[in-house]
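Architecture at a glance
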Amino acid sequence: MAELENPNMMPNLLTFLSSLLEEVAESNDVNSGFKAQKISVFHGLTRPTISIQSYLDRIHKYANCSPSCFVVAYVYLDRFAQRQPSLPITSFNVHRLLITSVMVAAKFMDDMYYNNAYYAKVGGISTTEMNFLEVDFLFGLGFNLNVTPNTFYTYHSYLQRKMMLQQPPPSVVAESSLSLGSLKVAHLCFNEEESSHQKQQLAV
């Protein structure tokens, strides 16, 4: 979308996404003791010292992926949250989920993209770990990588509307699993016509 090419748009988008993810992670941290959760390859032993905002800015600075990739990464994170209710986004896994979702989005969306070793350096992890994260993320999505124009427009419009209002995503919004969906399982399924594409796979 043309709006994403606006140089003033990306900083606002990154700030909003980081704010949304931080809110979700903090909420899930608080509620982690009330529901069963599984430990996955995305979990770190400790919380990363780098903020979500700084981490997302770093990815944007060095990954050189198209602006659309960040919207698609958001779509993937929402799908992952829907399909993996026992693996909510927390401060212990949000950074690894973020770098993985952007990398997978870049591979799916862009004609040219960096390899796993490069993304591993950007994300501050080893190439071996990056490979494992990618595989687990793809299985977590059920290899459902296709994003229809309608789905992209819906997610992008949602983000753009919230940014224009300059408000954090309200907890009463029930469309998205990432809008505090850990408290009540909500889904963002905008009539995605993607059943024929659910088996698309990326090479590791």
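Remember, it's a predicted structure, so these values are computed and weren't measured experimentally.

Moving on, we come to helix H6 (residues 116-123). When H6 is considered as a whole, its buried residues turn out to be Asn 116, Tyr 119, Ala 120, Val 122 and Gly 123. An end-on view of H6 places all buried positions within 160° of arc, on one side of the element. Where H6 is buried, its residues meet helix H3 (52-63), helix H5 (94-109) and helix H7 (127-140). Capping of H6 at its N-terminal end is provided by Asn 115; its side-chain oxygen lies 3.3 Å from the backbone amide nitrogen of Ala 117.

Here we come to empty space enclosed by the protein. Per the stated rule, a full pass over the model turns up two cavities of 30 Å³ or more. Approximately 60 Å³ is the volume attributed to the second largest cavity. Around the second largest cavity sit eleven residues that line it, and Leu 17, Leu 21, Phe 70, Leu 77 and Leu 98 are the ones nearest its centre. Among the elements of the structure, helix H2 (9-30), helix H4 (68-83) and H5 are those that each provide at least two residues to the lining of the second largest cavity. Of the residues that constitute the lining of the second largest cavity, the class distribution is eleven nonpolar, no polar and no charged.

This next bit is on the packing of aromatic side chains. Per the counting criterion, the structure on display carries six aromatic pairs. Between Phe 42 and Phe 137, the aromatic rings sit 6.4 Å apart at their centres with planes inclined by 75°, giving edge-to-face as the arrangement. Highlighted residues: Phe 42 in the loop between H2 and H3 and Phe 137 in helix H7, separated in sequence by 95 residues. Overall, the relative accessible area of 1% leaves Phe 42 in the buried class. Judged by relative accessible area, which is 0%, Phe 137 ranks as buried. Judged by centre distance (5.4 Å) and plane angle (75°), the rings of Tyr 74 and Tyr 155 are edge-to-face. One end of the pair, Tyr 74, is in helix H4; the other, Tyr 155, is in helix H8 (residues 149-165), with 81 residues separating them in the sequence. Ring pairing ties together the aromatic residues Phe 42, Phe 80 and Phe 137, which thus form one cluster.

Applying the stated criterion to the full structure yields two salt bridges. Of the charged contacts, one joins Arg 96 and Glu 129 as a salt bridge, the two residues approaching to 2.6 Å between their closest N and O atoms. Of this pair, Arg 96 sits in helix H5 while Glu 129 sits in helix H7, and the two are 33 residues apart along the sequence. Overall, Glu 129 belongs to the partly exposed group, its relative accessible area being 22%.

Here is what the cut-offs are and how they apply
- Residues numbered from 1 in each chain as written.
- Predicted model: local features only at pLDDT ≥ 70, side-chain atom pairs only at ≥ 80, totals over all residues.
- Heavy atoms only, no water.
- Buried < 20%, exposed > 50% of the residue type's maximum accessible area, 1.4 Å probe, protein only.
- Helix = DSSP H or I, 4+ residues; strand = E, 2+ residues; numbered from the N terminus.
- Arc of directions from axis to C-beta.
- Contact = heavy atoms within 4.5 Å.
- Polar contact = N/O pair within 3.5 Å; in protein donor to acceptor, adjacent residues only side chain to side chain.
- 1 Å grid on protein atoms, 1.4 Å probe; cavity = no way out; pocket = protein on both sides within 12 Å on 5 of 7 lines; lining within 4 Å.
- Points joined across faces, edges and corners; volume = space filled by probe spheres on them.
- Nonpolar A, V, L, I, M, F, W, Y, C, P; charged D, E, K, R; others polar.
- Phe/Tyr/Trp six-rings, centres within 6.5 Å; stacked < 30°, edge-to-face > 60°.
- Salt bridge = Lys/Arg side-chain N within 4 Å of Asp/Glu carboxyl O.

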